[in-house]
Amino acid sequence: MKNQMKLSALTMAITMAALASSSLQAAEQTGDKAGADQEMEKISVTGSRIKRADFEGVAPVTVITAEDIENSGLSSIAEVLQSSVANNGGSLNGESDGFTDSASSVNLRGMGANRTLVLINGRRQASFPSAAGGTSNFVDVSDIPTAAVDRIEILTGGASAIYGSDAVGGVVNIILKKQYDGAKVAAKYTDTTQGGGEQFDLSYLQGINTENSQTLIMLEYRKAEAIQTYQRDDLYSPAYYQDEDGDTRWGAGPYGDSGASSWGAWIQDYGKVYTDDKYSEVDEAQCTNLFGDKGIYVEAGKYDCYYDKYADRGLQSEYDRVNLVVNTTYDLNDDWQIYGMLNASYKESTKYKDEKGFGDYFYQDEVTGAYSYDKYEFEDDNKFQMRRRMEEYPGPRTYDTQNTKASLAFGANGMIGDYELDVSWSSGYALYEKQNHHMVRADALLGMITFDPNDTDASKWYPNNKLTTEQAEALIGDSTKKSDSSMHQLQAVFTGDLMELDAGTVGFATTAEWARESYEDTLDETTMSGGFIGMGGTGGKGDRDRVAVAGELQVPLLADLTGVKSLDLSAALRYDQYLDDSDVGGATTPQVGLSYRPIDEVMLRANWGKSFRAPDMHRLYSGLTRSFGSTSYDHPTIPNEIYEDSYDGFNSGNLNLTEEEGEFWNLGVVANLTDNADLTIDWWNIELEGAVKTISTDEMLDDPSYNKNGQFNDCATMTEVGYLTELDDDGIENIACMRKGPINSAFEASEGIDASFNYQFPETAAGEFKFKLAASYLLKKEYQEKVGDKIEDQTETDYFPKWKSNASLSWNYEDFRATITYYYTGEAVGTDLFEFEDGSEIDDHPDTLDAYQIINITLSYSAPWDGKFTAGVKNLTDEMPPLYDIRNDEHNDWPYYQDRNSSYSAKGRSLFFGYSQKF
């Protein structure tokens, strides 16, 4: 029966089709009105394989042209995408720590960066080799050269019936320039007014055209300097102050109450083996000697000697980046053309960090004096604890990364009779290398440590003393990571006109694809074995193949009737079969839409479909990682007591995952209000069931089905998510070990209303004026951990802004042009722990982040010698990110604002100047 269903799906996919075309912005629409009565060339727009003359379709598409990008004042494609009104929720902005330093992502509709499909010239790209948060795969958009982009098309809403997996929140198609006449050199200098972040851009564009061929070569170089916390007074400004008890304190941050790190220099001798006092702290002179200006001595504090951990932290990484794009086409004859594209980039990035700090427990054998981290190694032991910042390490502490990316595509396009065939091969490869400097070697420390302040052995180190150069060199180490990923795809698209009906021509497209993706994520042996204190990680390796067939139809149902200028049906069906070790198997996704024009100037549209998301590769294939976990709950035998339960933790991928299944719809209207004004309004909804998530400890303990006693002997060999129990010395059953991993459980949904308005002012003696406005209102963003749980609206609990909009006003007079652009991110409501003056606390108390508004101004002058001067200001009012309420428990957490929202930036105001010359 299952095979029959698959055969039926394949047959339907070959014979059906859909158009999910675009609603272009007014810049495109108004520019084409003069030729509206002439026959237009058919083009492809994101959301459909069918070429057609009409720009409008059943699904909304936003088009951002190269001119729009230049006038926006934004400096990268990542910024352009993240400023889109459709980008919401958490996305990487190139400044994250951990797994994905220097990478950026886009998150359409807040459904997740891994559920946004990113294409370049309509083709899939290799995922970033290292998964975000160690779980989610995504496409990095930080290394796409601005100078090479012709336009960006953003399809908002599901499109799995056209493109397959990942297109849950929508599709971003970045289309690179294909041709250029002559050559152009451009340079641009940008600097912030608060300090740091200096940037220099240089690009070269060369077009080589012959009678039968067109070739474009683009080379771009960018150098950007770092921004560190100490360069932003609004986020740092440290000072001593008197607290409510009259004690001297030290604080930093916007409210001046972010305390210094207690991990300065401190020792605890639990048994008072070597000291009369259990605690051994350093005095003020020692604190200054160890840490210099970063040593904060506060006698009112618990540890006295603290460490300023904020000043050296990086708000923006410094980096150097080189991009190369080569695009070429060659006409074999009047009907056939071959083409090829190469896109390559290399990026070196440095993220500044505060010096390494660590704290750990040590156990000393009472007989031999040997030390161990394992409390069970010795029969009788002495217990010690220490905290320390490794300020003696040479130079600044940094995370360094190297990103290498290359993609190659080639193919042929031509006519077979009245039909068009496009056959292409594309390959993409990405390499990510990272070095975390200033780690602490666990074995070396164990052999060097002493908790006896009077130990005279020169080879030993008492942590309250300064490290010698030799001791620092013995302890210091680098944790390294090397990850790579690849994507190969063979695709054939067959399109044309199928038949003539009374209302018009039926268009069709059929698609066949084969693809293979793979990745390998590796850490050095020392890191993998836990050889660096406080440093862990997980690797992974896997690959999978996919085959797919799809079909689309565009059917004109009615035309030129009273009250019906046109009524068109769009339909699509796609079948994907995954060939890997998971339980995904095959997935069929349909899509159907209607577009109705009562008159030429107005179109009503409706679109519905299914979507799916195959599990992230790292969710399937991540390697086994061991850790130590703990939880607490009511003591089973002692009333009003808390039972502290420690256990061995194991994390790995889960090959039992199935696909996430989604459904979407949109209803909209597109209207040409006048010859100069256009309006679009769309109401949309996306739902996703079986979303993959990592199960928490509490969820496991609340569900008896995760208790695997009697099914497995240990968690290391357990093939399922779950836990095993044991009896402690008092006969109380507790957790022995826990196997965590991803499961299909969560529900997510997003719903909202989008609108755009564009107006071309009548031409005046003072020049031409054009106004654009786009806005999105998020009605809800829902999340449910598992079936039966309460559905949470993240616009009320997780700081998802409901409003996001942008507007621009452009002026053009002879050789002069000016554009003022406005970006708005509305208030964001969330819940956190609140602390009140009377000492009471309320968890899940609402807090509101203020609206965030940015104004950019761009000016340009085109000189008669084919030169062009540009200048402008970004963030005219020097707006800084909104802050939490001072009573919010998160208000003093670095970097002091919600950096999960990529719309926020701590750069502040910046000025830029540029010049380009055509030859």
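Here's what I pulled together on the structure shown here. (Residues numbered from 1 in each chain as written. Predicted model: local features only at pLDDT ≥ 70, side-chain atom pairs only at ≥ 80, totals over all residues. Heavy atoms only, no water.)

### Re empty space enclosed by the protein
Right, so step 1: Summed over all chains, the structure comprises 9 cavities of 30 Å³ or more.
Right, so step 2: Counted as a void, the largest cavity has a volume near 920 Å³.
Right, so step 3: Looking at the largest cavity, it is lined by 49 residues, and the ones nearest its centre are E79, Q82, K874, S905 and K907.
Right, so step 4: Classifying every residue of the lining of the largest cavity by side-chain character gives 14 nonpolar, 26 polar and 9 charged. (1 Å grid on protein atoms, 1.4 Å probe; cavity = no way out; pocket = protein on both sides within 12 Å on 5 of 7 lines; lining within 4 Å. Points joined across faces, edges and corners; volume = space filled by probe spheres on them. Nonpolar A, V, L, I, M, F, W, Y, C, P; charged D, E, K, R; others polar.)

### Topic: the pairing of strand 40 (residues 816–825)
Consecutive residues of a regular strand have side chains that alternate between opposite faces of the sheet.
Right, so step 1: In terms of strand pairing, strand 39 (residues 803–813) meets strand 40 through 10 bridges, oriented antiparallel. Across the sheet, the residue bridging to L809 is I820, located in strand 40.
Right, so step 2: Connecting the antiparallel pair strand 39 and strand 40 is a turn made up of 2 residues, with E814 showing a positive phi of about 50°.
Right, so step 3: As paired elements, strand 40 and strand 43 (residues 852–862) share 10 bridges and run antiparallel to each other. The residue bridging I820 from the neighbouring strand is I857, located in strand 43. (Pairing = 2+ DSSP bridges. Helix = DSSP H or I, 4+ residues; strand = E, 2+ residues; numbered from the N terminus.)

### Looking at the sheet that holds strand 4 (residues 149–156)
Whether parallel or antiparallel, the strands of a sheet pair through hydrogen bonds between backbone atoms.
Right, so step 1: One open sheet accounts for 5 strands, arranged 1-4-5-2-3; its pairing is mixed. On the outer flanks of this sheet lie strand 1 (61–65) and strand 3 (123–124), each paired with one strand and no other.
Right, so step 2: In this sheet, strand 3 lies alongside strand 2 (residues 116–120) in antiparallel orientation, the contact comprising 2 bridges. Across the sheet, residue L119 finds its bridge partner in strand 3, namely R124.

### Here we look at the sheet that holds strand 12 (residues 265–269)
Right, so step 1: Read across the open sheet, the 5 strands follow the order 13-12-21-19-20; overall the sheet is antiparallel. Each end of this open sheet is capped by a strand with a single partner; those strands are strand 13 (279–281) and strand 20 (371–372).
Right, so step 2: Pairing analysis gives 2 bridges linking strand 19 (residues 357–365) to strand 20, with the strands arranged antiparallel. Across the sheet, residue Y363 finds its bridge partner in strand 20, namely S372.

### Comments concerning the packing of aromatic side chains
Right, so step 1: All told, the structure shown has 34 aromatic pairs when counted by the stated rule.
Right, so step 2: Arranged with centres 6.0 Å apart and planes meeting at 20°, the rings of W425 and W514 form a pair that is stacked. Placement of the pair is W425 in strand 23 (residues 419–440) and W514 in strand 25 (residues 504–523), with a sequence separation of 89 residues.
Right, so step 3: Overall, W425 belongs to the partly exposed group, its relative accessible area being 27%.
Right, so step 4: On the numbers, 6.3 Å between centres and 10° between planes, the contact of W811 with Y813 is stacked.
Right, so step 5: Just above the ring of W894 sits the side chain of R313; from NZ or CZ to the centre is 5.1 Å.
Right, so step 6: When the ring centre of Y270 is taken as origin, the NZ or CZ atom of K383, which lies over that ring, is 4.6 Å away. (Phe/Tyr/Trp six-rings, centres within 6.5 Å; stacked < 30°, edge-to-face > 60°. Buried < 20%, exposed > 50% of the residue type's maximum accessible area, 1.4 Å probe, protein only. Lys NZ or Arg CZ within 6 Å of the ring centre and 35° of its normal.)

The values reported here are purely geometric and, on their own, carry no functional implication.
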